[in-house]
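Summary of structural features
Below are the chains, spelled out letter by letter.
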Amino acid sequence: MPIEIPQTQKAVIFETNGGPLNYTDIPVPQIKSNEILVNIKYSGVCHSDLHAWKGDWQIPYKLPLVGGHEGAGVVVGVGENVQGWAIGDLAGVKLINSTCLNCEHCQQSNETSCATKTLNGINMDGTFQQYCATDAIQAAKLPADIDLKSVGPILCAGITVYKGLKSSDAKPGQWVAISGAAGGLGSLAIQYAKALGLRVVGIDGGAEKGEFVKSLGAEAYVDFTTSKDIAKDIIAVTNGGAHAALNVASSEQAIQKSVEYVRQSGTVILIALPPNAKLTVDVLSTVVKQITIRGSYVGTKWDTTEAIDFFHRGLIKCPIKVVGMAEVERVFKEMEEGKILGRYVLDTSK
Ligand SMILES: [Zn+2]
Ligand SMILES: [Zn+2]
């Protein structure tokens, strides 16, 4: 039975960075020969969407822009050159829309470093719309029985923290300190870390967030609103410092601290992108402690497949709140105020 695709659809679109977020009708995109059209059912709202709307990063944005890069839905159109996708398949639309497939990074399956990649919700229209056209190769395959409502955050936050944990080279039984542990990235990072056999100390602010972090599997919690010395507390709790520090809090100060509490020969992973942040390290102690400081940016197609598999096997729960698309502005506001526990997901039918 042919699927009927409407001419227009609901979307959230903005004309200028920081300008009004218009919940309105726009045309359904036409797919190119290399693309699939995904009827987005749910889309997570990520901190990066807030940064993209405000234009916080010095990168070229498409304007006007439909934000969003954590979409989950059903394939309703397949471009003529596309292989491996059929109408009715479930698909995830994540940050990376496409890569060149030919540069040295793409050839080495490290396509997140491709210089000419395109990004959904940044320089391509993203998932805050009912129908999204996206490159078929980077679109994520979702198992037919997956929970579409909850999988969205896995497609960005999940992949990102999973890749970060892999990049940290932390081994089962070792400690990982997670900053911003109660947030959208942090809450998933705790669960992936547990699933990988790591021990977690979460860092965040307030008793309520502490309860939440422990309910997700963190063994210890350091509250920056009451701790007199975060680094000292983490070193005490981990008996010598965390083997890995996963920086998912959008805070320059938190990143700076992580260099202090990481253990001898440990690894600091940088993930969150506080605007214009700098990290200053003392060369002597970095050399003597033999610390590795490593950036980790989203994940490859294969990281995506693995991250989805952990979720599909029930090892990762996404604490989500579902709201309508028109609520994006309120969600951004709460995000800026640091009030969100877990993650908001937009239901594109509302
Ligand atoms: Zn994201
Ligand atoms: Zn490339």
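Residues numbered from 1 in each chain as written. Chains lettered and ligands numbered in written order. Predicted model: local features only at pLDDT ≥ 70, side-chain atom pairs only at ≥ 80, totals over all residues. Heavy atoms only, no water.

Re the domain arrangement of the protein
Domain boundaries in the protein define domain 1 (8-156 + 299-347) and domain 2 (159-295). For domain 1 and domain 2, the distance between their C-alpha centroids amounts to 27 Å. Domain 1 puts 25 residues into the contact, and the matching count from domain 2 is 21 residues. Counting every contact that joins domain 1 to domain 2 gives three salt bridges. Close ionic contact of Asp303 with Lys163 constitutes a salt bridge, the shortest N to O distance being 2.9 Å. Our enumeration of links across domain 1 and domain 2 arrives at nine residue pairs in polar contact (both at pLDDT 80 or more). Element by element, the count of residues in the side of domain 1 that touches domain 2 is highest for helix H10 (residues 301-312), at five residues. Along the lines of polarity and charge, the residues of the side of domain 1 that touches domain 2 split into 13 nonpolar, six polar and six charged. (Domains from an automatic or database assignment. Contact = heavy atoms within 4.5 Å. Salt bridge = Lys/Arg side-chain N within 4 Å of Asp/Glu carboxyl O. Polar contact = N/O pair within 3.5 Å; in protein donor to acceptor, adjacent residues only side chain to side chain. Helix = DSSP H or I, 4+ residues; strand = E, 2+ residues; numbered from the N terminus. Nonpolar A, V, L, I, M, F, W, Y, C, P; charged D, E, K, R; others polar.)

Points about the coordination of the zinc ion (ligand 2)
Distances from the zinc ion (ligand 2) to its protein donors, Cys100 (SG), Cys103 (SG), Cys106 (SG) and Cys114 (SG), fall within 2.3 to 2.4 Å. Each of the four donor atoms around the zinc ion (ligand 2) contributes to a set of angles spanning 104 to 119°, which defines the coordination as tetrahedral. Donor residues binding the zinc ion (ligand 2) come from one chain and are separated in sequence as C-x2-C-x2-C-x7-C. On the basis of relative accessibility, which here comes to 11%, the residue Cys106 falls in the buried class. Residue classification places Cys114 among the buried positions, given a relative accessible area of 1%. (Donors = N, O, S within 2.8 Å, 3.2 Å for Na, K, Ca; no water. Tetrahedral: all angles 85-135°; square planar, octahedral: opposite > 155°, others 65-115°. Buried < 20%, exposed > 50% of the residue type's maximum accessible area, 1.4 Å probe, protein only.)

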